[in-house]
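# Fold and contact review
Here are the chains, one letter per residue:
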Amino acid sequence: MKYDVIVVGAGIVGLASAFKILEKNPRLKLLIIEKENQISKHQSGNNSGVIHSGIYYKPKSLKAINCINGYKLLVKFAEENDIKFEICGKIIVATSEQQIPDMLKLYNSGIENGLNGIKIMRTEELKEIEPYVNAVQGIFVPQTGIINYSQVSEKYLEKIKQWDGEIVFNSTVINIKEKTDECEIITEDNHFQSKYVLTCGGLYSDYLAKMTNPEIDIRIIPFRGEYYKIKEEKKHLIRNLIYPVPDPNFPFLGVHFTRMIDGKVEAGPNAVLAFKLEGYRKIDINLIEFFQTITWPGFISVVKKYWKTGIGEFYRSFSKKAFVKELQKMIPEIQESDLEQGGAGVRAQACSKKGGLIDDFYFVESKRLLHVCNAPSPAATSSLSIGDYVANRILNKFN
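Residues numbered from 1 in each chain as written. Predicted model: local features only at pLDDT ≥ 70, side-chain atom pairs only at ≥ 80, totals over all residues. Heavy atoms only, no water.

Turning our attention to the overall build of the protein. Each helix and strand in the protein was counted, giving ten helices and 20 strands. Its C-alpha atoms give the protein a radius of gyration of 21 Å, near enough to 21 Å, the size a compact globule of 399 residues would have. With the C-alpha coordinates aligned to their principal axes, the bounding extent of the protein is approximately 65 × 45 × 35 Å. For the protein, with 399 residues in total, the buried portion stands at 56%. Look at the contacts in the protein between residues 6 or more apart in sequence, and 75% of them connect residues 24 or more apart. For the protein, the accessible area works out to roughly 17600 Å², and carbon and sulfur atoms hold 50% of it. Averaging the locations of the 52 positively and 47 negatively charged side chains of the protein gives two centres separated by 3 Å. (Helix = DSSP H or I, 4+ residues; strand = E, 2+ residues; numbered from the N terminus. Rg over C-alpha atoms; globule rule 2.2 N^0.38 Å. Buried < 20%, exposed > 50% of the residue type's maximum accessible area, 1.4 Å probe, protein only. Contact = heavy atoms within 4.5 Å. Areas by Shrake-Rupley, 256 points an atom, 1.4 Å probe, with all protein chains shown as cover. Lys, Arg positive; Asp, Glu negative; His and termini not counted. Charge placed at Lys NZ, Arg CZ, Asp CG, Glu CD.)

Structure below.
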């Protein structure tokens, strides 16, 4: 049970990292440990499949750098491996004059991040792209695309196995011990030794990091995102992707319309606090996990800052009428009867002890361990770039 590298977590970031490690050094003995019975069961398999352009992210941040680099790597990987994708572009729309200053800030951020071809458009131009949209101005982003990230993850695993990488399922890590010359990984029914360990635990990333860094000052706060499906007869209202100008007072993008690679159209997601780390339904609750969330000092500060917006998100979660009203700001013709209940995902959002929702990718590293502690959207788009970074850090240790 001795390995050169063990990766904990078979989401898209863990798989991309394992793929990149073996691509750079196929002689390494690598193992992936996954607590579920399949890969990409949580964040990676429950998103809307958008290939993000990088327009939203602070210039020179890890999100911006890895999203733009990851975008190029992902498109190349999909082309080389016959994974269906489409670069269809999207529009970000200001539905009132008051939103235009924030829209212009977003446009300038995109320019600074090197997005060629993004364009500010008037109402008439926007309607040529999306005939049913309501907007006073908007931004056209040609780089945005759609893909199925579960298929991408499956291809990563296929490549890993071709290099004799191994994976074990239904194996929950209960402890990690960092020693002088190796790490010991303890699961519920086994022990493994490895020269180096990478953890990509998603919703449990802080839990894994605390095994070797007990004083780590972050906590994962779970935010559920709920979707509706647009009925077949009303799919013509949305051609591709329509996003609102994000609320600067809330760290999420707002409900939007997304045409998916299988032809379906989704509306959403919202962003509501989940009462359980893997709480995909409104009734899901884990009292211990919920207590740990609401007593975290940083979360209390977040509530004080975002409580008004948070209440609105909860209201839209329980009121389809309110959800539709938000969508009608962009597509006035959409009606309650046009929407069917869709799925949900849970976003793992790291929150610092001082009260900030960490707005960038966040890693914690020691001599023989690297913990990926915050990798929300656009981590799927960025997966190969993150994998490159992680692989280089690990291979430098071996050198």
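From this point, the discussion proceeds with the structure in view.
Time to look at helix α9 (residues 320-328). Those residues of α9 lying buried are Ala322, Phe323, Val324 and Leu327. In the core, the buried residues of α9 are packed alongside β13 (218-230), β15 (256-259), β16 (265-268), α8 (297-318) and β18 (339-352).

Further remarks concern the side chain of serine 383. As for its placement among the helices and strands, serine 383 is situated in helix α10 (residues 379-398). Its relative accessible area of 0% is what places serine 383 among the buried residues.

Turning next to the nonpolar core. Within the largest apolar cluster, 44 residues are counted, with the highest numbers of intra-cluster contacts made by Leu30, Ile32 and Tyr156. Those elements giving two or more residues to this core turn out to be β1 (2-8), α1 (12-24), β2 (30-33), α2 (62-80), α5 (149-162), β12 (191-199), β20 (369-374) and α10. Those residues in contact with leucine 30 that lie beyond four places of it in its chain are Tyr3, Val5, Val7, Ala18, Ile21, Leu22, Ile160, Gly165 and Glu166. Counting residues in hydrophobic clusters, the runner-up holds 22 residues, among them Met121, Leu126, Ile238 and Ile331. (Core = buried A, V, L, I, M, F, W, Y, C linked by side-chain atoms within 4.5 Å.)

With that settled, the discussion passes to the sheet that holds strand β4 (residues 85-86). One open sheet holds the three strands; their spatial order is β3-β8-β4, and the pairing between them is antiparallel. With one partner strand each, in any of the chains shown, β3 (50-51) and β4 form the two edges of the open sheet. (Pairing = 2+ DSSP bridges.)

Let us look at α2. For an α-helix, 3.6 residues make a turn, and residues three or four places apart therefore share a direction. Between the first and last C-alpha of α2 there are 26 Å, a value that for 19 residues agrees with the 27 Å anticipated at 1.5 Å per step. Of all the residues in α2, the buried ones are Lys63, Ala64, Asn66, Cys67, Ile68, Gly70, Tyr71, Leu74, Val75, Phe77 and Ala78. Just downstream of α2 lies aspartate 82, where phi reads positive at about 55°. (Expected span 1.5 Å × (residues − 1).)

Another aspect to go through is the environment of isoleucine 160. Mapped onto the elements of the fold, isoleucine 160 is located in helix α5. Overall, the relative accessible area of 0% leaves isoleucine 160 in the buried class. Along the chain, isoleucine 160 and glycine 312 lie 152 residues apart, while their C-alpha atoms are 44 Å from each other. Filtering out sequence-adjacent residues up to four positions away, isoleucine 160 remains in contact with Leu15, Ala18, Phe19, Leu22, Leu30, Ile32 and Gly165.

Turning next to the pairing of strand β5 (residues 90-94). Each regular strand shows side chains that alternate between the opposite faces of the sheet. With five of its five residues buried, β5 lies for the most part within the structure. Side chains of β5 alternate between two faces, with Lys90, Ile92 and Ala94 and Ile91 and Val93 buried alike. Note: β5 against strand β7 (residues 137-141), five bridges, orientation antiparallel. Looking at β7, one finds that isoleucine 92 is bridged to isoleucine 139. With three bridges connecting them, β5 and strand β14 (residues 241-244) associate as parallel partners. Bridging across to β14, isoleucine 92 finds its partner in tyrosine 243.

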